[in-house]
Amino acid sequence: MRDFISIERGDQFISMERVVITGMGVITPSGHGLEEFWKGITSGVSAVDLMTEYDLSEYPTRIAAQVHNFDPQKYLDRKDIRHMDRFVQLAIGAAQDAWDDAKIADQVDPTRAGVIVGNGIGGMHTLTEQHAVLLERGPSRVTPYFIPKMISNIAGGQLAIRFNLLGPNETVVTACASSGNAIGEGLRIIQHGEADVMLVGGTEAALIPLAFAGFCAMKATSTRNDDPRHASRPFDRDRDGFVMGEGAGFLVIERLDHAQRRGARIYAELAGYGRSSDAYHVVEPHPEGIGAGLAMQRALADAGLVPSEIDYINAHATSTPKGDIAETMAIKRVFGDHAYRLAVSSTKSSTGHLLGAAGAVEFIASILALQHQTVPPTINLENPDPECDLYYVPNRPEARRLRAVMSNAFGFGGQNASLIAREI
C-alpha cells in the first residue's frame, strides 16, 4: 500500500501524504457515541421537538433539535464546567470520545499533532448571560471568565491543553461550512508535512432566544410547531425552512504510515477536499448551485476520482426551499447522468441543522455509511419537490455497495466545503 498519492495539477503530478481516519466521536440530538448516533439516523425518527429550555411561545419557531442527556461531568470536573460555555463542553465530549476511539494516547509526538475546530457562532449562552449581568448588576459583576468562555477559538485552545497538542491550532468560522472546512484544513496540514496527527471537527450550541429571534426574523426556520417530528423535510415539496440544532463531532486523522506503524484501526481514507465561494448573496445560495458544484469538482480532483466513482452523497440539504434545489442542480451539473444512479440523502432530516457542527457530524455519518455499507435515509420525504428529482433514499435506510462517499457543507455568505472518504 502506497503512503503517497499522486494528483494531477495542470501539467504536473504532485505527490502528497495519504491521510486516514482512525477515531470518531459525536454528541448529537440523534444520539451520543457512534453506535447510538448510527441507530438514530437510520431509525426513521426525527430528533426535532418543541424547545424545552426556554419559553418561546411568542416566537414563530418554537422547535429545535436539542442534545438531551449530555452530562459534562463525564468529561470535566465541576470547576471546569463552570468556566466553559456549552459549545466547549460539547466539543470536549465529542473530541475525547474520538481520541479514545483512536487509541492514540502516548503514541503521538505532541509537537507533530494539532487541532482545528469549526464553529459558527461561539459562546452565545455566555454572551447573552453576561450581557444581562452587565445591564442588571453593572460592569463589576461581569465574570473574568466571560471572554475565555465566549470567544470562538477557545474550544480549540481547551482541546490543545487537554491533549497536549503543540502543533497547529486554528478555528474556522465559515458558518455552516465551518467544520467541513476544519476537516479539510487538517487534511492539508498533514499533506504538507506540518503534522502527523490532527484532531478536527466542529461544535455548536446556540439554542437561545436571541438566535431563534434572529433566524425567525430572516424567515429561515420551519414554523411547523404543531408537528415538530416532520418539520425537517429536505427535498420535500412542503418544506418550509431548517430546524436549528446543537451538537459536536470530531475525528482523529493521521498520516497513513503513522497509523500503520502503531497498528491503528482505520475507518477510511480522507481522500479529497474542495472549497469554493458562491460570491452571490449573504444568505441565499447561487440559484444554479455554481459554488457548490465547484467545491464538489475540486474535491473529486483532489481525490483523483471521476464522478462515477462516488456512490453516496450526504447532502447539505437543510430543508429550505431554495437551498435544496440549488444543491440538486449542482449535483446534476457535476455528476451528469451518474447523478441519477447516486444515492443522495440528508441526515438533517433526523438531526436538524447543527450549524457549524453540521459538516463534521455529517461527514462522520458518511463514514459510518461506508462502514455499514448502508445509506442513511432522508426521512419525512413524502411529496418530492419536482425540482428535486434525484434519488434521496426516502424514509428508510438502504443497503448499497459503497466505495467512496462525499459530504457537503455550505454556509451563509456562500462558503462551501466538500469532503470525500473512501475505502482503504
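Worth saying up front: this structure is predicted, and the values here are computed from it rather than measured. (Residues numbered from 1 in each chain as written. Predicted model: local features only at pLDDT ≥ 70, side-chain atom pairs only at ≥ 80, totals over all residues. Heavy atoms only, no water.)

Enquirer: Before we go on, may I ask you to explain the environment of Glu53 in this structure?
Expert: Its place among the elements puts Glu53 in the loop between β5 (49–50) and β6 (63–64). Since its relative accessible area comes to 49%, Glu53 is described here as partly exposed. Each C-alpha atom of the pair Glu53 and Phe250 lies 26 Å from the other, and the pair is 197 residues apart in sequence. The residues touching Glu53, leaving out its near neighbours within four places in the chain, are Gln66 and His125. (Helix = DSSP H or I, 4+ residues; strand = E, 2+ residues; numbered from the N terminus. Buried < 20%, exposed > 50% of the residue type's maximum accessible area, 1.4 Å probe, protein only. Contact = heavy atoms within 4.5 Å.)

Enquirer: Explain the pattern of salt bridges here, please?
Expert: If the charged atoms of two oppositely charged side chains come close together, the side chains can form a pair. Under the counting rule described, the total for this entry stands at 26 salt bridges. As a salt-bridge pair, Glu185 and Arg275 come within 2.4 Å of each other at their nearest N and O atoms. Of this pair, Glu185 sits in helix α7 (residues 178–191) while Arg275 sits in strand β11 (residues 268–277), and the two are 90 residues apart along the sequence. Residue Lys322 is joined to Glu284 by a salt bridge in which the shortest nitrogen-to-oxygen separation is 3.1 Å. Within this pair, whereas Lys322 is found in helix α11 (residues 321–335), its partner Glu284 is found in the loop between β11 and α10 (290–303), the two being separated by 38 residues in sequence. (Salt bridge = Lys/Arg side-chain N within 4 Å of Asp/Glu carboxyl O.)

Enquirer: Just to check I follow, could you spell out unusual backbone geometry for this structure?
Expert: What is expected of a backbone is that most residues other than glycine have negative phi and most peptide bonds are trans. Despite not being glycine, Asp106 has its phi angle at roughly 65°, a positive value. One can find Asp106 in the loop between α3 (86–102) and β7 (113–118). Under the relative-accessibility criterion, Asp106 is labelled exposed at 83%. Despite not being glycine, Ser319 has its phi angle at roughly 85°, a positive value. Counting through the fold element by element, Ser319 comes out in the loop between β12 (312–314) and α11.

Enquirer: Please clarify how a nonpolar patch on the surface should be interpreted in this entry.
Expert: Where nonpolar side chains cluster on the molecular surface, the patch consists of Met218, Val282, Val283 and Phe412 and spans about 330 Å² of accessible area. Examined against the element boundaries, Met218 turns out to sit in helix α8 (residues 209–218). (Patch = residues over 30% accessible without salt bridge, like charges linked within 9 Å, V, L, I, M, F, W, Y side chains within 5 Å. Areas by Shrake-Rupley, 256 points an atom, 1.4 Å probe, with all protein chains shown as cover.)

Enquirer: Sorry if this is basic, but what is going on with the pairing of strand β10 (residues 247–255) here?
Expert: Taken residue by residue, a regular strand's side chains alternate between the two faces of the sheet. When you tally the buried positions in β10, you get nine out of nine residues, the bulk of the element. Where strand β3 (residues 19–28) and β10 come together, eight bridges link them in antiparallel fashion. Directly across from Val19, in β10, lies its bridge partner Arg255. In terms of strand pairing, strand β9 (residues 197–204) meets β10 through eight bridges, oriented antiparallel. Within the sheet, the bridge partner assigned to Val197 lies in β10 and is Glu254. (Pairing = 2+ DSSP bridges.)

Enquirer: Please clarify how the nonpolar core should be interpreted in this entry.
Expert: In globular proteins that are soluble, nonpolar side chains generally tend to be buried together. Counting residues in each nonpolar core, the largest one holds 45 residues, and the members touching the most others are Ile21, Met24, Leu251, Ile253, Leu270, Phe363 and Ile367. Broken down by secondary-structure element, the contributors of at least two residues to this core are β3, α1 (34–42), α7, β9, β10, β11, α13 (358–372) and β17 (415–422). Looking at this core, the element that brings in the most residues is α13, giving ten residues. Other than its neighbours up to four places away in sequence, Phe363 contacts Ile21, Ile183, Leu251, Leu270, Ser407, Leu419, Ile420 and Ala421. Phe70, Ile81, Met84 and Leu159 belong to the second largest nonpolar core, which has 34 residues in total. (Core = buried A, V, L, I, M, F, W, Y, C linked by side-chain atoms within 4.5 Å.)

Enquirer: What should I look at first to understand the packing of aromatic side chains in this one?
Expert: In this description, an aromatic ring pair is defined by two values, namely the gap between the centres and the angle between the planes. A full pass over the atoms with the stated rule returns five aromatic pairs. A ring pair is formed by Phe215 and Phe242, whose centres lie 5.2 Å apart and whose planes are at 85°; its orientation type is edge-to-face. Residue Phe215 is found in helix α8, and its partner Phe242 is found in the loop between α8 and β10; the two are separated by 27 residues along the sequence. Where Phe235 meets Tyr392, the ring centres are 3.8 Å apart and the plane angle is 10°; that geometry is what we call stacked. Here Phe235 is found in the loop between α8 and β10, whereas its partner Tyr392 is found in the loop between β14 (374–375) and β15 (398–399), with 157 residues between them in sequence. The buried category is assigned to Phe235, whose relative accessible area is 1%. On the basis of relative accessibility, which here comes to 3%, the residue Tyr392 falls in the buried class. Through successive ring pairs, a cluster of aromatic residues spans Phe215, Phe242 and Phe412. (Phe/Tyr/Trp six-rings, centres within 6.5 Å; stacked < 30°, edge-to-face > 60°.)

Enquirer: Teacher, can you tell me more about the side chain of Ser349 here?
Expert: The topology assignment puts Ser349 in helix α12 (residues 348–351). We classify Ser349 as buried; its relative accessible area is 0%. In this structure the side chain of Ser349 is engaged in a polar contact, spanning 3.0 Å, whose partner is the backbone nitrogen of Ile379. Sequence-distant contacts of Ser349, defined by excluding residues within four places in its chain, comprise Ser46, Ser232, Pro234, Pro377, Thr378, Ile379 and Asn380. (Polar contact = N/O pair within 3.5 Å; in protein donor to acceptor, adjacent residues only side chain to side chain.)

Enquirer: I would appreciate a short explanation of the packing of α1 against α13 in the present structure.
Expert: How two helices sit against one another is set out by the angle between their axes and by the gap between those axes. Contact geometry for α1 and α13: axes closest at 11 Å, N-to-C directions at 90°. The orientation of α1 with respect to α13, classified from their angle, is roughly perpendicular. Each of Leu34, Phe37, Trp38 and Ile41 in α1 lies in contact with α13, whose residues at this interface are Val361, Ile364, Ala365, Leu368, Ala369 and His372. Classifying every residue of the contact of α1 with α13 by side-chain character gives nine nonpolar, one polar and no charged. (Axes fitted to C-alpha atoms, helices over the stretch in contact; angles between N-to-C directions. Parallel < 35°, antiparallel > 145°, perpendicular 65-115°, else oblique. Nonpolar A, V, L, I, M, F, W, Y, C, P; charged D, E, K, R; others polar.)

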